[in-house]
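Given next are the chains, with one letter for each unit.
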Amino acid sequence: MAQDNILELLKSEIKNYHATVTSEKIGTVVEVGDGIARITGLSDVKAAEMLDFGNDTYGFALNLEEDSVGAVLLSHAKNIKEGDTVKGTGRILSVPVGEALIGRVVNALGQTVDGKAPAKTTKTYPIEKVAPGVITRQSVNRPLQTGIMAIDGMIPVGRGQRELIIGDRQTGKTAIAIDTIINQKGQNVICIYVAIGQKQSKIAKIVADLEKKGAMDYTIVVVGGASDPAALNFIAPYSGVAMGEYFLDQGKDVLVVYDDLSKHAWAYREISLLLRRPPGREAYPGDIFYLHSRLLERACNLNKDFGGGSITALPVIETQAGDVSAYIPTNVISITDGQIYLEPDLFYKGVRPAVNVGLSVSRVGSAAQVKAMKKVAGRLRLDLAQFRELAAFSQFGSDLDASTKKQLDRGKALTEMLKQPQYNPYPVQDQVVLIYAGVNGYLDDVATEKIFTFKEKFLHYLKNVERSVMKMLTEKPEITPELEEALKKAIVTFKSENSF
């Protein structure tokens, strides 16, 4: 009886048995070292496909050769050895995106590294994406205020623009980028700061400064640290812009800072040489221009039919001894819509931000300025350019005529007025009234060392005594005859009540 039961059970098991076949793309590691692995057997792997090496170690395919695949490892290769099995995941390298990442510090793979609970995200975006086409874009016509007078007045940045910050090390490049992020408070702009190849201590200080100023409420920090594998430094800026594209798709404005692309190029050069790609100029591979152009072209100002959002890019490039004609600087200058050049000599003289107005340019120009700024700042650049020219010649002559001396005094006053401490961005209304006072000669008789005090006291006076001027400027950012009259009267009254 028991045998019959067993027989029936076996028959029913055989009858209900369904064989399933699963196929996996499997390859074998033939060489590993220095953050790259060479694999055979993955014949149908895609470019930039994620590869699983087991033990929670991942990489992605970068070189697709005739008989092997060159893969880049996304973590340190302690557990990988020759002969190990590698699986293709079928997924293109992607990062998590969403509102949950705002206020967080994440690595290049979108994993949180700030010691808090993991961010709960539901969507992922591929890190590589074709930039929006011509038809979807519109010209840059809305300002992105940096809060820095020298930049907003003379080298304006618009939403959707790519403005390069370039200069030697320790000249204030990161300070300009951080001030711009701080100034976006209340401007409805999502900021993404991408640190590439930077020391962990520097990144920690930047995050602390952003938190202190309340800027982490609308900022994502993407970290590719100096101790991370070159692959993470290579993909960090693409991850940052992919996170920004999530907000772009919702019609929002995004600011992405890449700090800095020199180290990004170094990381890519390291990977390329290890993968035996032929070196070109300065040992960079032949597609180094494409590396940055495909990244920066993703910055855009979309028209209303496509959501009307924007991504503004502020790439940073470090020059060696002021050499802007080196390979990477010239590449990035040709891709961007202008550059802010920071000069070491100005920095050491105490002119901070150390913006060289002659070599800096914004190819968007006054299209990205409010009407009031457009009107007052037109003279500013001209006055400073004339001052620089005269200052060079006046060194050789002791007796100067009255008009030359007047121009020199004006230039010195304007240079002093444009100095600004770090983490102290000015709202656009404050900038307009200060520049108006400067270009119309109201600072000419103020002692150079007292100009900073004049600025602070005058702004305090306008906000607490002559409130109507600031109210008019805030409601309608335009220099109307009534506003100009009220502003002139306010300056004269203020100067008569205070001695400078």
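Just above sits the structure.
Residues numbered from 1 in each chain as written. Predicted model: local features only at pLDDT ≥ 70, side-chain atom pairs only at ≥ 80, totals over all residues. Heavy atoms only, no water.

Asks: Looking at this model, I keep getting lost on the packing of aromatic side chains. Mind explaining?
Replies: The geometry of an aromatic ring pair is captured by the separation of the ring centres together with the interplanar angle, meaning the angle of the planes. Tallied over the full model, the rule gives 11 aromatic pairs. With 5.3 Å between their ring centres and 45° between their planes, Tyr461 and Phe494 make a pair best called tilted. Linking Tyr461 in helix 13 (residues 451-464) with Phe494 in helix 15 (residues 481-497), this pair joins segments that are 33 residues apart in sequence. Note on accessibility: Tyr461 and Phe494 belong to one class, buried. What links up through ring pairs into an aromatic cluster is the set Phe60, Phe234, Tyr238 and Tyr268. (Phe/Tyr/Trp six-rings, centres within 6.5 Å; stacked < 30°, edge-to-face > 60°. Helix = DSSP H or I, 4+ residues; strand = E, 2+ residues; numbered from the N terminus. Buried < 20%, exposed > 50% of the residue type's maximum accessible area, 1.4 Å probe, protein only.)

Asks: Before we go on, may I ask you to explain the nonpolar core in this structure?
Replies: Generally speaking, nonpolar side chains in soluble globular proteins are found buried as a group. Counting residues in each nonpolar core, the largest one holds 74 residues, and the members touching the most others are Ile181, Leu210, Met417, Val433 and Phe458. Top element by residues in this core is helix 12 (residues 428-439). It accounts for eight residues. Other than its neighbours up to four places away in sequence, Val433 contacts Phe458, Leu459, Leu462, Val469, Met470, Leu473 and Leu487. Ranked by size, the runner-up nonpolar core spans 61 residues in total, among them Ile127, Ala230, Leu232 and Ile335. (Core = buried A, V, L, I, M, F, W, Y, C linked by side-chain atoms within 4.5 Å. Contact = heavy atoms within 4.5 Å.)

Asks: Can you walk me through the packing of helix 6 (residues 261-274) against helix 7 (residues 288-296) in this structure?
Replies: The relative placement of two packed helices comes down to the angle between their axes together with the axis-to-axis distance. Remark: helix 6 packs on helix 7, axes separated minimally by 10 Å, with the N-to-C direction vectors making an angle of 130°. Relative to helix 7, the element helix 6 lies oblique. In the crossing of helix 6 with helix 7, the sense of the turn from one axis to the other is right-handed. Counting all contacts with helix 6, which are made through Leu261, His264, Ala265 and Tyr268, the residues of helix 7 involved are Ile288, Leu291, His292, Leu295 and Leu296. Class assignment of the residues belonging to the contact of helix 6 with helix 7 gives a composition of seven nonpolar, two polar and no charged. (Axes fitted to C-alpha atoms, helices over the stretch in contact; angles between N-to-C directions. Parallel < 35°, antiparallel > 145°, perpendicular 65-115°, else oblique. Left-handed = near helix turned anticlockwise from the far one by under 90°. Nonpolar A, V, L, I, M, F, W, Y, C, P; charged D, E, K, R; others polar.)

Asks: Would you mind showing me how to read unusual backbone geometry here?
Replies: A negative phi holds for most residues other than glycine; trans holds for most peptide bonds. With an omega of 0°, the peptide bond running from Asp259 to Asp260 counts as cis. With respect to the helices, strands and loops of the structure, Asp260 is situated in the loop between strand 13 (253-259) and helix 6. In this structure, Pro353 follows Arg352 across a cis peptide bond, with omega equal to 5°. Inspection of the secondary structure assignment puts Pro353 in the loop between helix 9 (344-348) and strand 17 (361-362). Positive phi values are uncommon outside glycine, yet Ala48 reaches one of about 65°. Mapped onto the elements of the fold, Ala48 is located in the loop between strand 2 (36-40) and strand 3 (49-52). The exposure class assigned to Ala48 is partly exposed, which follows from its relative accessible area of 23%.

Asks: Teacher, can you tell me more about the sheet that holds strand 1 (residues 26-33) here?
Replies: An order of 1-2-5-4-3-6 is seen for the six strands of this closed barrel, with the pairing classed as antiparallel. Taken over all neighbouring pairs, the strand axes of this sheet differ in orientation by 45° on average, direction set aside. Two strands pair when backbone bridges link them, and strand 2 and strand 5 (residues 69-73) are joined in this way by four bridges, in the antiparallel orientation. What sits directly across from Ile39, in strand 5, is Val69. Of the strands in this sheet, strand 4 (58-64) and strand 5 are in contact with helix 5 (residues 230-248), which crosses strand 4 at around 80°. (Pairing = 2+ DSSP bridges.)

Asks: Can you help me understand the packing of helix 3 (residues 173-182) against helix 4 (residues 200-212) in this one?
Replies: The geometry of helix 3 relative to helix 4 is characterised by a closest axis approach of 11 Å and an angle of 30° between their N-to-C directions. Viewed along their axes, helix 3 and helix 4 adopt a mutual orientation that is roughly parallel. Considering only the axes of helix 3 and helix 4, their crossing is right-handed. Two secondary-structure elements touch here, helix 3 through Thr174, Ile178, Ile181 and Ile182 and helix 4 through Lys202, Ile206 and Leu210. Here the residues of the contact of helix 3 with helix 4 sort into five nonpolar, one polar and one charged.

Asks: What exactly am I supposed to notice about the state of the cysteines here?
Replies: In protein chemistry, a disulfide is the covalent bond that joins the sulfur atoms of two cysteines. Scanning the entire structure with this criterion turns up zero disulfides. Between Cys300, a free cysteine, and Cys191, which holds the nearest cysteine sulfur, the sulfur-to-sulfur gap is 16 Å. (Disulfide = S-S within 2.5 Å.)

It is worth stressing that arrangement in space is one thing and function is another; only the former is reported here.
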